[in-house]
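Residues per chain, in single letters:
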Amino acid sequence: MTATAVDLDVRDPLRAYRDRFVAADDPAVAAYLDGNSLGRPPKALQERMASFVAGAWGTDLIRGWDKGWFDKPVALGDRIGAAVLGAAPGQTVVGESTTVSLYKVIRAAVDQRPGRSEIVVDRGNFPTDRYLVEGIAAETGRTPRWIEPDPAGGVTLDDVRGVLSDQTAVVVLSHVAFRSAHISDMAAITRAAHDAGALIVWDLCHSVGAVPIELDATGVDFAAGCTYKYLNGGPGSPAFLYVSSRHLESATQPIQGWMGVKDAFAMGQGYEPADGIRRFVSGTPPIVGMLGMEATLDLIEEVGISRIREKSIALTEFAIEKYDRILAPRGVELSSPRDASVRGGHITIDHPAFPALMERLWAANIIPDFRPPTGIRLGLSPLSTSFSETERAINAIGEMLA
Ligand SMILES: *Cc1c(COP(=O)(O)O)cnc(C)c1O
């Protein structure tokens, strides 16, 4: 006899954290399974926002830049590095959108490998990653080299080995695949890229805050990731990027702005990049956009990423058990790994009827995500998702299919 959702919620050591998010039990949302696309707002953010408006912005005004805002991109980067990236200080910075941050690090990586003509990327990667590689290849006279991964799995070490050569400049991969949630082997793939003389850029959007990451220990060169997914930073909150200290002296970034120079307020002639990770800053940092992730980092630091991962695995295991009982008999396919050790924080299920079902689910206040052509993606955000709402969503999908 398997445990019921209610039992699992009662026994969940992290159950109290659900109440630390705004409206987690509001009846207007029967089940929110899209925290991997837009995390719920942490309750503490309301107070943080109010005091920021009244104090730091309201009365410090321009003096705020001297009271911490100027250093915030690096200070907050260090905090993210320690809490969820396995990154020592001085290698992570918070700044622009994920897309722009990825552009900066991919471009920086490619420029470190002159004379090599290929950038490796996979067909299953998120569109922005693929489009960026196409654009950077075109502007630097290189060619994308495509991996065709198993859509229900993801990029494997063998896939990468199959395309590496002495022409590979850079490999660009997602740590957790946005559709299947497959976790690629960061350590082994990074090593293989290095053995071929190439550099690697990891997109961490779907792993950061849900899956433990060891950027320093695995020898990663460059990385970037979202903060509005499992870091609950709010819609459009700025991304972080990581540059290994090994590259910080030689790496240059393509958007040379005044905030990333040695002495920004000298306003001098000629771009002279700052030392360290600060050189990856471009313009005035989005301070307001950083407040949400700070409130979430308070929670993550309290819990620790390994307990978050345990809850995450328990949630996806439970969802797959429910899938086996309720959805598999109705012809729904599981498009995510069954092996929890290579599965991130969500699962995707496919059925030809799903495109027509989405509107009905949302109308019933059941909110998963849709991924074409026929996928429903169930995002299970460890700190804010309950077993009961996971069950409610899968039951509703089963009833609507019947
Ligand atoms: C969500 C996501 C992005 C988003 O990029 P934005 O510039 O923030 O829109 C990029 N890559 C991956 C893998 C994602 O999951």
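Computed from a prediction, not measured in an experiment: that's the story for all the values here. (Residues numbered from 1 in each chain as written. Predicted model: local features only at pLDDT ≥ 70, side-chain atom pairs only at ≥ 80, totals over all residues. Heavy atoms only, no water.)

1. Quick word on the overall build of the chain
Thinking step 1. Regarding its fold elements, the chain presents 11 helices and 13 strands.
Thinking step 2. Reported as C-alpha extents along the three principal axes, the dimensions of the chain are approximately 70 × 55 × 35 Å.
Thinking step 3. The proportion of buried residues among the 402 residues of the chain is 56%.
Thinking step 4. Pairs at least 24 residues apart make up 72% of the contacts formed inside the chain by residues separated by at least 6 positions. (Helix = DSSP H or I, 4+ residues; strand = E, 2+ residues; numbered from the N terminus. Buried < 20%, exposed > 50% of the residue type's maximum accessible area, 1.4 Å probe, protein only. Contact = heavy atoms within 4.5 Å.)

2. Notes on the domain arrangement of the chain
Thinking step 1. What the domain assignment reports for the chain is domain 1 (3-32 + 304-401) and domain 2 (48-300).
Thinking step 2. Listed by partner, the interface residues are 29 residues for domain 1 and 21 residues for domain 2.
Thinking step 3. Regarding the contact of domain 1 and domain 2, the summed buried area is about 2,000 Å², with carbon and sulfur atoms giving 59% of it.
Thinking step 4. The interface formed by domain 1 and domain 2 includes 1 salt bridge.
Thinking step 5. With a shortest N-O distance of 3.0 Å, Asp 350 and Arg 179 are connected by a salt bridge.
Thinking step 6. For the side of domain 1 that touches domain 2, the secondary-structure elements that each account for two or more residues are α9 (305-327), β10 (346-350) and β13 (375-379). (Domains from an automatic or database assignment. Buried area = accessible area lost by both parts, 1.4 Å probe. Salt bridge = Lys/Arg side-chain N within 4 Å of Asp/Glu carboxyl O.)

3. Some details on the nonpolar core
Thinking step 1. Membership of the largest hydrophobic core comes to 49 residues, with the highest contact counts inside it found for Ile 80, Leu 85, Trp 202, Leu 204, Leu 215 and Leu 383.
Thinking step 2. Listing elements by their share of this core, those giving two or more residues are α2 (44-57), α3 (72-85), β5 (168-174), α7 (186-195), β6 (199-203), β8 (240-243), α8 (291-303) and α9.
Thinking step 3. Broken down by element, this core gets its largest block of residues, 7 residues, from α8.
Thinking step 4. Two domains share this core, each providing at least three of its residues, namely domain 1 (3-32 + 304-401) and domain 2 (48-300).
Thinking step 5. Beyond its immediate stretch of four places on either side in the chain, Leu 204 contacts Leu 85, His 175, Met 186, Ile 213, Leu 215, Ala 223, Ala 224, Gly 225 and Phe 240.
Thinking step 6. Counting residues in each nonpolar core, the second largest holds 31 residues, with Leu 132, Trp 146, Val 170 and Ala 224 among its members. (Core = buried A, V, L, I, M, F, W, Y, C linked by side-chain atoms within 4.5 Å.)

4. Describing helix α5 (residues 127-140)
Thinking step 1. With 14 residues, α5 ought to run about 20 Å at 1.5 Å a step, and its terminal C-alpha atoms sit 20 Å apart, in line with that.
Thinking step 2. Buried within α5 we find Thr 128, Asp 129, Arg 130, Leu 132, Val 133, Ile 136 and Ala 137.
Thinking step 3. Summarising the contacts, the buried residues of α5 are in contact with α4 (98-111), β3 (118-122), β4 (143-147), β5 and β6.
Thinking step 4. Just beyond α5, the residue with positive phi is Gly 141, at close to 70°. (Expected span 1.5 Å × (residues − 1).)

5. Details of the site of the ligand
Thinking step 1. Around the ligand, a shell composed of 13 residues is seen, among which Thr 98, Thr 99, Asp 203, Tyr 228 and Lys 229 lie nearest.
Thinking step 2. A distance of 3.1 Å is found between an oxygen atom of the ligand and a side-chain nitrogen or oxygen belonging to His 206.
Thinking step 3. One nitrogen or oxygen atom from the side chain of Lys 229 is found 2.5 Å from an oxygen atom belonging to the ligand.
Thinking step 4. Taken by itself the ligand offers 390 Å² of open surface, and the protein chains cover 85% of this.
Thinking step 5. Residue composition of the shell around the ligand, grouped by class: 4 nonpolar, 6 polar and 3 charged. (Near = heavy atom within 4 Å. Polar contact = N/O pair within 3.5 Å; in protein donor to acceptor, adjacent residues only side chain to side chain. Areas by Shrake-Rupley, 256 points an atom, 1.4 Å probe, with all protein chains shown as cover. Nonpolar A, V, L, I, M, F, W, Y, C, P; charged D, E, K, R; others polar.)

6. As for the pattern of salt bridges
Thinking step 1. With the rule as written, the count across this model stands at 27 salt bridges.
Thinking step 2. Between Lys 322 and Glu 391 there is a salt bridge, with its nearest N and O atoms 3.1 Å apart. Highlighted residues: Lys 322 in helix α9 and Glu 391 in helix α11 (residues 387-401), separated in sequence by 69 residues.
Thinking step 3. Glu 391 gets classed as partly exposed once you look at its relative accessible area, which sits at 23%.

7. So, the side chain of Ser 384
Thinking step 1. In this structure, Ser 384 sits in the loop between β13 and α11.
Thinking step 2. On the basis of relative accessibility, which here comes to 4%, the residue Ser 384 falls in the buried class.
Thinking step 3. Excluding residues within four positions of it along the chain, Ser 384 makes contact with Arg 18, Phe 21, Arg 40 and Glu 389.

8. Notes on the pairing of β13
Thinking step 1. Across the 5 residues of β13, 5 count as buried, placing the element largely inside the fold.
Thinking step 2. Side chains Gly 375, Arg 377 and Gly 379 project from β13 onto one buried face, and the interleaved Ile 376 and Leu 378 project onto a second face that is buried too.
Thinking step 3. With 5 bridges joining them, β10 and β13 adopt antiparallel strand pairing. Counterpart to Thr 348 in the pairing with β13 is Arg 377.
Thinking step 4. One ladder, built from 3 bridges, connects strand β12 (residues 369-371) with β13; its direction is antiparallel. Paired with Arg 371 across the bridge in β13 is Gly 375.
Thinking step 5. Once β12 ends, the chain turns through 3 residues before running back antiparallel as β13. (Pairing = 2+ DSSP bridges.)

9. A closer look at unusual backbone geometry
Thinking step 1. Pro 373 follows Pro 372 through a cis peptide bond whose omega is 0°.
Thinking step 2. By the element assignment, Pro 373 lies in the loop between β12 and β13.
Thinking step 3. The residue Ala 23 is not glycine, and still its phi comes out positive at about 55°.
Thinking step 4. Tracing the sequence through the fold places Ala 23 in the loop between α1 (5-11) and β1 (31-32).

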